[in-house]
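Examining the three-dimensional arrangement
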Amino acid sequence: MKLSWSDVTPEALVLNRRGLLAGMAAVAATPAFARGDAPTAYEDITGYNNYVELGMGKSAPAENAHRRTMSPWSVEIGGLVERPVTLTLDEIAPAAAREERIYRFRCVEAWSMVVPWEGVPLAGVLDRAGVKPEARFVAFETVYRPDELPGQRRKTLDWPYREALRLDEARHPLTFLATGLYRKPLPAQSGGPIRLVVPWKYGFKSIKSIVRITLTDRQPETTWNALQPDEYGFYANVNPKVDHPRWSQRTERRIGAGLLAGRDETRLFNGYDEVAPLYAGMDLARDY
Ligand SMILES: Nc1nc2c(c(=O)[nH]1)N[C@H]1C(S)=C(S)[C@@H](COP(=O)(O)O)O[C@H]1N2
Ligand SMILES: [Mo]
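Predicted model, so just to flag it, every value in this text is computed and none were measured. (Residues numbered from 1 in each chain as written. Chains lettered and ligands numbered in written order. Predicted model: local features only at pLDDT ≥ 70, side-chain atom pairs only at ≥ 80, totals over all residues. Heavy atoms only, no water.)

Attention now goes to the overall build of the chain. A tally of regular secondary structure across the chain gives eight helices and 12 strands. For the chain, the proportion of its 288 residues judged to be buried stands at 55%. Within the chain, residue pairs in contact and separated by at least 24 positions form 70% of the contacts whose partners lie at least 6 positions apart. (Helix = DSSP H or I, 4+ residues; strand = E, 2+ residues; numbered from the N terminus. Buried < 20%, exposed > 50% of the residue type's maximum accessible area, 1.4 Å probe, protein only. Contact = heavy atoms within 4.5 Å.)

Set out below in structure tokens:
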């Protein structure tokens, strides 16, 4: 039997849909980053998306994905750096440097997935430009192409979508630039060809389709935080004790787990406890 990553779903185990052997092999093969959870099916990861530029609703991004061109692609790194550079996708994540990271992913809307990303840690990419000592934050900007991205033709957000991290968060070994999914190039609706992945934060921090990275000395303005600061904090660390103003964050629904599956308990930092020292001395209820 040939085991592909798309066989590795909770259903494969529970419903024996694709064979118990596949399910057992998958659990045995699940690396530590996923903390024991089996990856969500490829079809669910690429069919249930949040990508406002490609439309509202979970299926619109996949339906509109064909509108996007992703090649050629480059990312400009500038601001407080020694050597401003523009890097192509291959320069950022050459095949030999790419790693697989199976991360849990938790959206602020209280659903979650487990995603086998492929890519490179962000820290090494920042080093290519040389971060100046006075830099304290890293700002990210997504592509602005209203001709390809129907959502950008309407003034629903202040386009392009922007996100940012504190420099120490950006440099944390878990912080990742993904260029692939299930060992295939990252699809358009998932933020291809290159996106950020910060597994201990709510999904909106993980900005898709990045074209610019800027080092700054002041906290940059970010899209959702500027729009609704009480709903979307700058830090946006996953925290079951800090509720969204309109719903609880204590539990989450695992996409693809089936109707009979119960909700899972949400964990502080999405279970990535090793990031706790980044927030030592901070009041996580205030700096949410
Ligand atoms: N450019 C851009 N990046 C984005 C978004 C978006 O709408 N546009 N949505 C965010 C939100 S709210 C989430 S939950 C994740 C969803 O990623 P996924 O669709 O790959 O699961 O992408 C984030 N990055
Ligand atoms: Mo989200």
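Around ligand 1, a shell composed of 16 residues is seen, among which N49, V52, E53, R195 and K208 lie nearest. Separating an oxygen atom of ligand 1 from a backbone N or O atom of V52 is a distance of 2.8 Å. Side-chain polar atom of R195 to an oxygen atom of ligand 1: 2.7 Å apart, as the coordinates give it. Relative to its free-state accessible area of 530 Å², ligand 1 is covered by the protein chains to the extent of 96%. In terms of residue class, the shell around ligand 1 is built from eight nonpolar, five polar and three charged. (Near = heavy atom within 4 Å. Polar contact = N/O pair within 3.5 Å; in protein donor to acceptor, adjacent residues only side chain to side chain. Areas by Shrake-Rupley, 256 points an atom, 1.4 Å probe, with all protein chains shown as cover. Nonpolar A, V, L, I, M, F, W, Y, C, P; charged D, E, K, R; others polar.)

Here the focus is unusual backbone geometry. Cis geometry is adopted by the peptide bond preceding P72, which originates at S71 and carries an omega value of 0°. With respect to the helices, strands and loops of the structure, P72 is situated in the loop between α4 (60-64) and β1 (74-79). Looking along the chain, the bond that leaves W159 and enters P160 is cis, with omega of -10°. Relative to the helices and strands, P160 resides in the loop between β5 (137-142) and β6 (162-166).

With five of seven residues buried, strand β10 (residues 210-216) is to be regarded as a mostly interior element. Strand direction decides the pairing type here: β1 and β10, joined by four bridges, are parallel. When the bridges of β10 are listed, G79 appears paired with L215. Where β5 and β10 come together, six bridges link them in antiparallel fashion. Each residue of the ladder has a partner; that of E141, found in β10, is R212. (Pairing = 2+ DSSP bridges.)

Relative to the helices and strands, T175 resides in the loop between α7 (167-171) and β7 (176-181). Judged by its relative accessible area of 0%, T175 falls in the buried class. Distance in space between the C-alpha atoms of T175 and P121 is 5.9 Å, their sequence separation being 54 residues. Discounting chain neighbours no more than four positions away, the residues touching T175 are Y103, P121, L122, L165, E169, A170, L196, V197, V198 and W200. Within polar-contact distance, the side chain of T175 engages the backbone oxygen of E169 at 2.7 Å.

Summarizing the sequence annotation, UniProt attributes the feature "binding site: Mo-molybdopterin" (unreviewed entry) to N49, C107, T142, R195, S206, I207 and K208 in the numbering used throughout. Relative to the elements of secondary structure, N49 occurs in the loop between α3 (42-45) and α4. A relative accessible area of 4% places N49 in the buried class. Look past the residues within four positions of N49 in its chain and what remains in contact with it is G57, K58, P61, Q189, S190 and K208. For N49, the side chain forms a polar contact with the main-chain oxygen of I45, separated by 3.1 Å. One can find R195 in strand β9 (residues 195-197). When its relative accessible area of 5% is taken as the criterion, R195 is described as buried. (UniProt positions renumbered as here; feature names shortened; annotations may be inferred.)

Summarising the element assignment, E53 is placed in the loop between α3 and α4. Despite its burial, E53 pairs with no opposite charge; the closest candidate is K208, at 7.5 Å N-O. If we skip the residues at most four places from it in the chain, E53 touches T142, L149, P150, G151, Q152, W159 and Y161. (Lys, Arg positive; Asp, Glu negative; His and termini not counted. Salt bridge = Lys/Arg side-chain N within 4 Å of Asp/Glu carboxyl O.)

Remark: a regular strand shows side chains that alternate across the two faces of the sheet. The element strand β4 (residues 111-121) is largely enclosed, with a buried count of 10 among its 11 residues. With eight bridges joining them, strand β3 (residues 99-106) and β4 adopt antiparallel strand pairing. Bridged to E100 within β4 is E118. Hairpin connection of β3 to β4: four residues between the antiparallel strands, including A110 at a positive phi of 75°. Pairing between β4 and strand β11 (residues 251-254): two bridges, direction parallel. Its bridge partner lying in β11, S112 is registered against R254. As paired elements, β4 and β7 share five bridges and run antiparallel to each other. Bridge pairing links W117 to L181 in β7.

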